[in-house]
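# Tertiary structure, described
Here is how the chains run, residue by residue.
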Amino acid sequence: FQRGFVCVQFCRFISGHIGSPNRNVTYMQSPEAKRFCGLKMPTPRIGTHNGTFHCDEVLACFLLKQLPEYEDAEIIRTRDPAQLAECDVVVDVGAEFDPKRHRYDHHQRTFSESFSSLRPEKSWVTKLSSAGLVYLHFGHRILAQLTKQPEGAPHLEVLYDKLYENFVEEIDAIDNGISQYDGEPRYAMTTNLSARVGYLNCRWNDENQDTEEGFRKAMKMVGAEFLDRLDYYYHSWLPARTLVEEAVKSRAQVDPSGEVVVLDQGGCPWKEHLFSLEKELAVEPLIKFVLYPDQSGQWRVQCVPMGLHTFQNRLSLLEEWRGVRDEELSALSSIPGCVFVHASGFIGGNRTKEGALEMARRTLRATGREPPAETS
C-alpha cells in the first residue's frame, strides 16, 4: 500500500499536477515516470494449510478478501515454512500468533486466547480459531466495508457483537472441539456450516485427492452464508432494535407503570433487544407486556418471558381469562373486543389497541403492580 502511494505521488510530481508554480501548465509525463508507475505491484498472499480444510480457515480467508488490501490476494495453501514466510498474512498454520506480523494460528500449545482475554470488554470465553482471530482483529473494518458505514458507528459495534455470537463463535467452538453441553448428545448435528464444509473435502477413497477445488467451493459457500447473515442482521435485526429502543424509551406515555411497551409494527423480533436494552438503559421496573398489531390488524398483548430460552413469564395474563374466547372473554373481563387468551396465559388478543392495553393494565392492577384508576 505504501509503495503504491509513493508511486502515485511520484507520478503526480513528474507530470506537474503537484508542486507546480503554475497549475495551468501541462507537462508531458516522462518515459521514466511511465516505466516507474507501470511497475506491477506484488499480488498480496494469504497463507493457510493445504490438505483437509475446515470451516475456520475457509471463513478467515473469505473475511480477509473483503478488505481492499486483500481483495485480489492469492491464497497459498501449504505447510512449507519458506512459502508461508513470504505470505502477507497467514491463518490456521505456522504455530504462531502475532497480530503485528499478521500471523493467526491457534494450534500451538501456548495458545489459549478468547475474545475476553484479548478484549476484556467482551464476555465470550470460547477459545478462538483462525476465524475468530481474523474476525476479532479485522471485523470492524470488514463490516464497515460491507455495509458502507463509518467504522466507529455505534450500531456497527452491535452488529459486530451479534455476528460473532451468532455466527463466528460456533465455528471457533467446533474447530476447537468445545461441546455446547456436558454429556452425550441426544442426536447428531450434521447440517451445521462446519459439517457442510467438511463434506466438501475429498473422500478417503477418491482417486483424486486434490483439495483445491473443494476449498474454493467451501469458501464460496461460507462467504455466501456470512453475507446472507450480515444482510439479515443489518437490514432486519438492527432496524428492529431501533424500533424496540424507541418503544422502551416512550413506555411511560403508554402506561404510568412503565411496564408496558407498544410496537407499532408486528412481526418485529423484540425479545433479545428488549432484554439487552433493559440492561443498557437500567430499566426499572422491568417490562411485563409488549403490545403489537397482528397481520389481520387486530392487537396482541404478549407477556415478557423471564429469559430468552424459557417459557416462564415475568407476569402472565389473568388465570381466569385463559382458554376463554371472544364474547365470553369480553363479558368475563368487562373489556370490549376481546379475541382470546392462550391457555398458558402468555399471550392474548383484542380487536383494538386500547382493548389490548386494558388487558395488560387489568393484569397489573390485579397483582398490585398498578395503582387503581382514579374515580371522580
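A brief report on the enclosed structure follows. (Residues numbered from 1 in each chain as written. Predicted model: local features only at pLDDT ≥ 70, side-chain atom pairs only at ≥ 80, totals over all residues. Heavy atoms only, no water.)

### A closer look at the overall build of the protein chain
Regarding its fold elements, the protein chain presents 13 helices and ten strands. Split into buried and exposed, the 376 residues of the protein chain put 43% on the buried side. Sequence separation of at least 24 residues holds for 60% of the intrachain contacts in the protein chain that already meet a minimum separation of 6. Summed over its atoms, the accessible surface of the protein chain is roughly 21500 Å², and 51% of this surface lies on carbon and sulfur atoms. (Helix = DSSP H or I, 4+ residues; strand = E, 2+ residues; numbered from the N terminus. Buried < 20%, exposed > 50% of the residue type's maximum accessible area, 1.4 Å probe, protein only. Contact = heavy atoms within 4.5 Å. Areas by Shrake-Rupley, 256 points an atom, 1.4 Å probe, with all protein chains shown as cover.)

### Thoughts on the pairing of strand β8 (residues 299–303)
Of all five residues making up β8, four are buried, and the element is well covered by its neighbours. As paired strands, strand β7 (residues 289–293) and β8 are joined by five bridges and run antiparallel to one another. Counted as the bridge partner of F289 is C303 from β8. Following β7, the chain reverses through five residues before pairing antiparallel with β8; G297 in that reversal takes a positive phi of roughly 95°. Pairing analysis gives four bridges linking β8 to strand β10 (residues 347–350), with the strands arranged antiparallel. The residue bridging Q302 from the neighbouring strand is I347, located in β10. (Pairing = 2+ DSSP bridges.)

### What about the sheet that holds strand β9 (residues 338–341)?
One open sheet accounts for five strands, arranged β6-β7-β8-β10-β9; its pairing is mixed. Edge positions in the open sheet fall to β6 (260–262) and β9, since each of these has one partner strand only. Geometrically, the sheet is characterised by an average inter-axis angle of 20° between neighbouring strands, direction not taken into account. Looking at chain direction, β6 and β7 are connected through three bridges and run parallel. Directly across from V261, in β7, lies its bridge partner V290. (Axes fitted to C-alpha atoms, helices over the stretch in contact; angles between N-to-C directions.)

### With respect to helix α6 (residues 130–147)
Along its length, α6 reaches its greatest deviation from straightness, about 70°, at F138. When you tally the buried positions in α6, you get 14 out of 18 residues, the bulk of the element. (Bend = angle between axes of the 7 residues up to and from the residue.)

### As for the packing of aromatic side chains
Taken as a whole and judged by the stated rule, the model has 14 aromatic pairs. Here the aromatic rings of F115 and Y164 are separated by 4.4 Å at their centres, their planes lie at 50°, and the arrangement is tilted. Separated by 49 residues along the polypeptide, F115 in helix α5 (residues 115–118) and Y164 in helix α7 (residues 154–175) bring together distant segments of the chain. Overall, the relative accessible area of 0% leaves F115 in the buried class. With a centroid separation of 6.3 Å and an interplanar angle of 25°, the aromatic rings of Y135 and Y164 are classed as stacked. Taken together, the residues span a long stretch of sequence, with Y135 in helix α6 and Y164 in helix α7 at a distance of 29 residues. Classification of Y164 as buried rests on a relative accessible area of 0%. One aromatic cluster is present, built from ring pairs that chain together F115, W124, Y135, Y160 and Y164. (Phe/Tyr/Trp six-rings, centres within 6.5 Å; stacked < 30°, edge-to-face > 60°.)

### Description of the packing of α7 against helix α9 (residues 212–249)
The contact between α7 and α9 brings their axes to 10 Å, and the two run at 130°. Between α7 and α9, the angle falls in the class oblique. The two elements α7 and α9 meet at a crossing, and its hand is right-handed. In contact with H155, V158, L159, K162, L163, N166 and F167 of α7, α9 contributes V222, E225, F226, R229, L230, Y233, Y234, W237, L238 and R241. For the contact of α7 with α9, a count of residues per class yields eleven nonpolar, two polar and four charged. (Parallel < 35°, antiparallel > 145°, perpendicular 65-115°, else oblique. Left-handed = near helix turned anticlockwise from the far one by under 90°. Nonpolar A, V, L, I, M, F, W, Y, C, P; charged D, E, K, R; others polar.)

### Examining the environment of D80
Mapped onto the elements of the fold, D80 is located in the loop between β2 (74–77) and α4 (81–85). Its relative accessible area of 32% is what places D80 among the partly exposed residues. In this structure, the C-alpha to C-alpha distance between D80 and H49, residues 31 residues apart in sequence, is 8.8 Å. Here the side chain of D80 touches A82 through a polar contact of 3.0 Å, landing on its backbone nitrogen. (Polar contact = N/O pair within 3.5 Å; in protein donor to acceptor, adjacent residues only side chain to side chain.)

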